[in-house]
Amino acid sequence: MIQAKAYAAQNPETDLAPWDFERREVGPHDVQLEILFCGVCHSDLHQIKNEWFSGIFPMVPGHEIVGKVIKVGDHVKKFNSGDLAGVGCMVDSCQVCENCKDGLEQYCLEGNTQTYNNKGRDGVPTYGGYSNTIVVREEFVLHISDKLPLAATAPLLCAGITTYSPLRHWKVGKGHKLAILGLGGLGHMGVKFGAAFGAEVTVLSTSPSKEAEAKALGAHHFVVTSDPEQLKAVTGSFDFILDTVSAEHDMNLYLSLLRTNGTLIGVGVPSQPYSVHPFSLLAGRKSMAGSGIGGIPETQEMLDFCAEHNIVSDIEIIDIKDITASYARMLKGDVRYRFVIDMATL
Ligand code: NAP
Ligand code: ZN
């Protein structure tokens, strides 16, 4: 077994703290990474606090992983020691169902294996990226360009693909009015991709202080959602709303901002179910949809697109011992716009 170091939550009530554990040996189809940076997703906080479901503890969060390949199995074809590589939210899937064959491993009919807070197909719990090393089967490892700053690339593995994938699926681009609801880790990537795809982008935010930054990220307009006048001005106006909000919010209000035939795409995962009035959808033939991360081929496509168009996340690099304080800031919407752990501080 490989000795690994990490920060883990021992249960939902305690703060993360150092923890030593074992990873499996590198098998013939595995790649071992030295983890250099790991992004901090709001999903990490939801899961260590058991906000979605009862978690598997000790829990090592982290699914925005970038690093260097340090060992490859005998049958590995796509990676060599020394390569830069990344791992996102999944580390395995059945590989044979129709969704896996379509490159939609996140919707594997047997269920994908999440990078942490899940059990692998061997029954062993998975542990994420707040760690010095990880072993992952080759098919779930991504190539990372050396053209981009590495730390700022880490959030692409979750925040990036989770916003890229729905915008591509719904073919959002020129001629569309796109609203990004919530300007956090996911939201700021949604702004960058929406603008890169040619949409007219509006940020809908609870934080007036983010206006100038939103525009610097590529947004054309900024609306403070607590201001009734500003909301009135955009009512019935958007073709798409990409909803990245992590907490409960009034879905009927935001559906009213869609134009006829508009679509609200939910990617944020508040802990409670949405409450939607039928009239909010039928008046104007509106749609409400959801989207989960993205498959492996599309994640690689997104990484290559980012390398070509010089797109990365706006980040604040943190020491791992500051993780609890960083979660507190994230909860207040006070991140510009993604915390990334420098794993050398572990
Ligand atoms: P984040 O950085 O904390 O951003 C969330 C943003 O939502 C905040 O910055 C804030 O933006 C806004 N917000 C927070 N509380 C709000 C409230 N009560 N009402 C209205 N707006 C509020 O979080 P993240 O990492 O981007 O993740 C966002 C959500 O997506 C989380 O629930 C996460 O679990 C989920 N997620 C889903 C997937 C998927 O596959 N679908 C993948 C990754 C993450 P403003 O300050 O601009 O209002
Ligand atoms: Zn995430």
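Residues numbered from 1 in each chain as written. Chains lettered and ligands numbered in written order. Predicted model: local features only at pLDDT ≥ 70, side-chain atom pairs only at ≥ 80, totals over all residues. Heavy atoms only, no water.

Going by the annotation in an unreviewed UniProt entry, the name recorded for the protein is Zinc-type alcohol dehydrogenase-like protein, with Mucilaginibacter pocheonensis given as the source organism. If you open the UniProt record of the protein and go to Cofactor (unreviewed entry), you find "Zn(2+)". Per UniProt, the comment on the protein under Sequence similarities (unreviewed entry) is "Belongs to the zinc-containing alcohol dehydrogenase family." (UniProt positions renumbered as here; feature names shortened; annotations may be inferred.)

1. Notes on the overall build of the protein
Within the protein one finds eleven helices and 17 strands. For the protein, the C-alpha radius of gyration of 20 Å lies close to 20 Å, the compact-globule estimate for 346 residues. Overall, the protein is about 60 × 40 × 35 Å in size when its C-alpha atoms are taken along their principal axes. Partitioning the contacts of the protein with sequence separation of at least 6, the portion at a separation of at least 24 is 67%. Summing over all exposed atoms, the protein offers an accessible surface of approximately 14,500 Å²; the carbon and sulfur share of this is 52%. The positive charge centre, built from 29 side chains, and the negative charge centre, built from 40, are 4 Å apart in the protein. (Helix = DSSP H or I, 4+ residues; strand = E, 2+ residues; numbered from the N terminus. Rg over C-alpha atoms; globule rule 2.2 N^0.38 Å. Contact = heavy atoms within 4.5 Å. Areas by Shrake-Rupley, 256 points an atom, 1.4 Å probe, with all protein chains shown as cover. Lys, Arg positive; Asp, Glu negative; His and termini not counted. Charge placed at Lys NZ, Arg CZ, Asp CG, Glu CD.)

2. Comments concerning empty space enclosed by the protein
A full pass over the atoms with the stated rule returns one cavity of 30 Å³ or more. In this structure, the largest cavity occupies an estimated 70 Å³ of space. Considering the residues around the largest cavity, the lining is formed by Gly88, Cys89, Met90, Phe140, Leu142, Leu157, Ile161, Ile293, Gly294, Ile296 and Thr299. Of the residues in the lining of the largest cavity, the class split is eight nonpolar, three polar and no charged. (1 Å grid on protein atoms, 1.4 Å probe; cavity = no way out; pocket = protein on both sides within 12 Å on 5 of 7 lines; lining within 4 Å. Points joined across faces, edges and corners; volume = space filled by probe spheres on them. Nonpolar A, V, L, I, M, F, W, Y, C, P; charged D, E, K, R; others polar.)

3. Overview of the site of ligand 1
Ser205, Thr206, Ser207, Lys210 and Arg338 are the nearest of the 30 residues found near ligand 1. Ser43 has a polar side-chain atom sitting 2.8 Å from an oxygen atom of ligand 1. A distance of 2.8 Å separates an oxygen atom of ligand 1 from a polar backbone atom of Leu183. Among the secondary structure elements, those contributing two or more residues to the shell around ligand 1 are α1 (42-48) and α5 (185-196). Ranked by residues supplied to the shell around ligand 1, first place goes to α1 with three residues. Residue classes in the shell around ligand 1 are distributed as eleven nonpolar, 16 polar and three charged. (Near = heavy atom within 4 Å. Polar contact = N/O pair within 3.5 Å; in protein donor to acceptor, adjacent residues only side chain to side chain.)

4. So, the UniProt feature "domain: Enoyl reductase (ER)" (unreviewed entry) in the protein
Under the UniProt annotation, "domain: Enoyl reductase (ER)" (unreviewed entry) lies at residues 13-341. Secondary structure over residues 13-341 splits into 26% helix and 25% strand, and the C-alpha atoms at its two ends are 22 Å apart.

5. Remarks on the coordination of the zinc ion (ligand 2)
Bound to the zinc ion (ligand 2) on the protein side are Cys41 (SG), His63 (NE2) and Cys158 (SG), at distances that span 2.0 to 2.2 Å. Each donor residue of the zinc ion (ligand 2) belongs to the same chain, with the gaps between them written as C-x21-H-x94-C. Within this pair, whereas Cys41 is found in the loop between β3 (30-39) and α1, its partner His63 is found in the loop between α1 and β4 (65-72), the two being separated by 22 residues in sequence. (Donors = N, O, S within 2.8 Å, 3.2 Å for Na, K, Ca; no water.)

6. Regarding the layout of surface pockets
Taken as a whole, the second largest pocket spans an internal volume of roughly 400 Å³. Within the residue set of the lining of the second largest pocket, elements represented by two or more residues are β2 (17-23), β6 (90-92) and β8 (133-137). A per-class count over the lining of the second largest pocket returns eight nonpolar, four polar and eight charged.

7. Examining the packing of aromatic side chains
Applying the stated rule across the entire model yields ten aromatic pairs. Each ring, one from Trp19 and one from Tyr127, has its centre 5.3 Å from the other, and the planes form 65°; the classification is edge-to-face. Residue Trp19 is found in strand β2, and its partner Tyr127 is found in the loop between β7 (113-114) and β8; the two are separated by 108 residues along the sequence. Both residues of the pair, Trp19 and Tyr127, belong to the buried class. Ring geometry for Phe197 against Phe305: centres 5.5 Å apart, planes inclined by 70°, an arrangement best described as edge-to-face. Taken as a pair, Phe197 in the loop between α5 and β11 (200-205) and Phe305 in helix α10 (residues 296-309) lie far apart in primary sequence, 108 residues in all. (Phe/Tyr/Trp six-rings, centres within 6.5 Å; stacked < 30°, edge-to-face > 60°. Buried < 20%, exposed > 50% of the residue type's maximum accessible area, 1.4 Å probe, protein only.)

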